[in-house]
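The chain contents come next:
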Amino acid sequence: MILHQEEVQLLPTKWTVNTEAFRIHYHSDGLKVVGFIIKPKTVHENAPLIIYNRGGAEDRGLLESRQLTGLARWASQGYVLLTTQYRGNDGGEGQEEWGGDDINDVTNLMLVARELPYVDVSRAVMYGASRGGLMTYLALRNKIEVKAAAVLCGVSDLLHMYNNRADTMKGILHRLVGNPSCDPNEYIRRSPIHWADEIHVPLLIVHGANDVHVPIEQTRNFVNRLSELHKDYRYIEYPDADHHLLNPDRASEILGELGTFFAGKLGLKYTLS
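Residues numbered from 1 in each chain as written. Predicted model: local features only at pLDDT ≥ 70, side-chain atom pairs only at ≥ 80, totals over all residues. Heavy atoms only, no water.

In the annotation of an unreviewed UniProt entry, the chain is listed under the name Alpha/beta hydrolase family protein and assigned to Alicyclobacillus fodiniaquatilis.

Structural data, given as structure tokens:
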């Protein structure tokens, strides 16, 4: 599954002193896809796993040194983190589809994890932001084996998002998903508001009320649907926040919420700091 890996340098911070990152190529549907492993330098057996799903489209939102360094906060707490750039990006083969077959690039990270002798795949969680939130919901629908999942400012109704975005994003969606005026089915198929009943793991959902990229109405409607279905979820809404939830003033608080949530679901005794 892992075809190649090479170390990448993280920026110097208090949480990268004892962590390291590797850029990998791995197989997904026969394609060579680029991803990353971020881990403690000294890792014990049975380390818990986090799968992280990035936002953006194509080269917008690619994971680079700054983002990888931020993700290393999890490794500083003993987690091994796996993430993907999605097919067709950063030198990977194929073409991303914003929730089409590229969802396999996420679910196949579990096969990557099984090749790492220091990872306990029975203690896995997942989270994503924005488009990565959509990929998180889709991976759950595809029965990825995680104990819990978190979504930050995530897409839950792709058609609603299309109708509320500027022409640049509409052009990207036209190219990667299709024209919803001609065939809305691909948008519906990618939208968890239509299949919330197929999500069966505990969720932590966080959104900002001033989000203009993924309107808050999406998440409010989705949370209402989860409530109707008696699903296990917790919802946190920040009235003064926009799409950039993890800004310096708020990052520690939100990541602390995620850390507490994941630790509780995995039976761990520590949280993110």
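Now that the structure is up, let's keep going.
**Quick notes on the pairing of strand 6 (residues 119-129)**
Remember that side chains alternate between the two faces of the sheet whenever the strand is regular. Selection rule: Only protein chains enter the accessibility calculation, which uses a 1.4 Å probe; a residue is then buried when its area is under 20% of its type maximum, exposed when over 50%, and partly exposed in between. Here a helix means four or more residues in a row that DSSP labels H or I, a strand means two or more in a row labelled E, and each is numbered from the N terminus. A strand pair is defined by DSSP finding two or more bridges across the two strands.
Within strand 6, nine of the eleven residues are buried, which leaves the element mostly enclosed by the surrounding structure. Where strand 4 (residues 47-53) meets strand 6, six bridges bridge the pair, whose relative direction is parallel. Paired with N53 across the bridge in strand 6 is G128. As paired elements, strand 6 and strand 7 (residues 149-152) share four bridges and run parallel to each other.

**Quick notes on the nonpolar core**
This is how the line gets drawn: Side-chain atoms within 4.5 Å link the members of a nonpolar core, which is a set of buried Ala, Val, Leu, Ile, Met, Phe, Trp, Tyr and Cys residues.
One finds W98, V106, L140 and I144 to be the most contacted residues of the largest nonpolar core, which totals 55 residues. A total of six residues in this core trace back to one element, the largest contributor, which is helix 4 (residues 131-141). One finds I50, L63, L71 and A241 within the second-largest nonpolar core, a separate group that totals 37 residues.

**Brief notes about the side chain of S156**
As a reminder, the rule being used: Working rule for contacts: check all heavy atoms of both residues, and any pair within 4.5 Å makes them a contact.
Considering the arrangement of structural elements, one finds S156 in the loop between strand 7 and helix 5 (158-163). The class of S156 is buried, set by a relative accessible area of 1%. Once residues lying within four places of it in the same chain are set aside, the contact partners of S156 are Y137, S191, P192, I193, Q218, T219 and F222.

**As for the environment of D102**
Note the threshold: Two N or O atoms count as a polar contact when they lie within 3.5 Å, although within protein this holds only if one can serve as hydrogen donor and the other as acceptor, and sequence-adjacent residues are included solely when both atoms are side-chain atoms.
Along the polypeptide, D102 turns up in the loop between strand 5 (80-84) and helix 2 (103-107). Residues D102 and T13, 89 residues apart in the sequence, show an inter-C-alpha distance of 33 Å. One polar contact links the side chain of D102 to the main-chain amide nitrogen of W98, over a distance of 2.9 Å. In terms of polar contacts, D102 uses its side chain to reach the side chain of R131, at 3.0 Å.

**Concerning the packing of aromatic side chains**
For the record, the criterion: Here is the rule: rings of Phe, Tyr and Trp (six-membered ring for Trp) pair when centre to centre is within 6.5 Å. Planes less than 30 degrees apart are stacked, more than 60 are edge-to-face, and the remainder are tilted. By definition here, charges over rings are those cases where NZ of Lys or CZ of Arg is within 6 Å of the ring centre and within 35 degrees of the ring normal.
For the structure on display, the rule yields eight aromatic pairs. For the pair Y127 and F262, a centre-to-centre distance of 6.2 Å together with 50 degrees between the ring planes defines the contact as tilted. Of this pair, Y127 sits in strand 6 while F262 sits in helix 9 (residues 251-266); the two residues are 135 residues apart in sequence, bridging distant segments of the chain. Aromatic pair F261 and F262: ring centres 5.7 Å apart, planes at 45 degrees, arrangement tilted. Owing to a relative accessible area of 14%, F261 belongs among the buried residues under this scheme. With a relative accessible area of 0%, F262 lands in the buried category. Connected via pairs of aromatic rings, a cluster forms that spans Y52, W74, Y79, Y127, F261 and F262. In this structure, R73 is placed above the aromatic ring of W15, and the distance from its NZ or CZ to the ring centre is 4.6 Å. One Lys or Arg, K170, reaches over the ring of Y162 and ends 5.3 Å from the middle of that ring.

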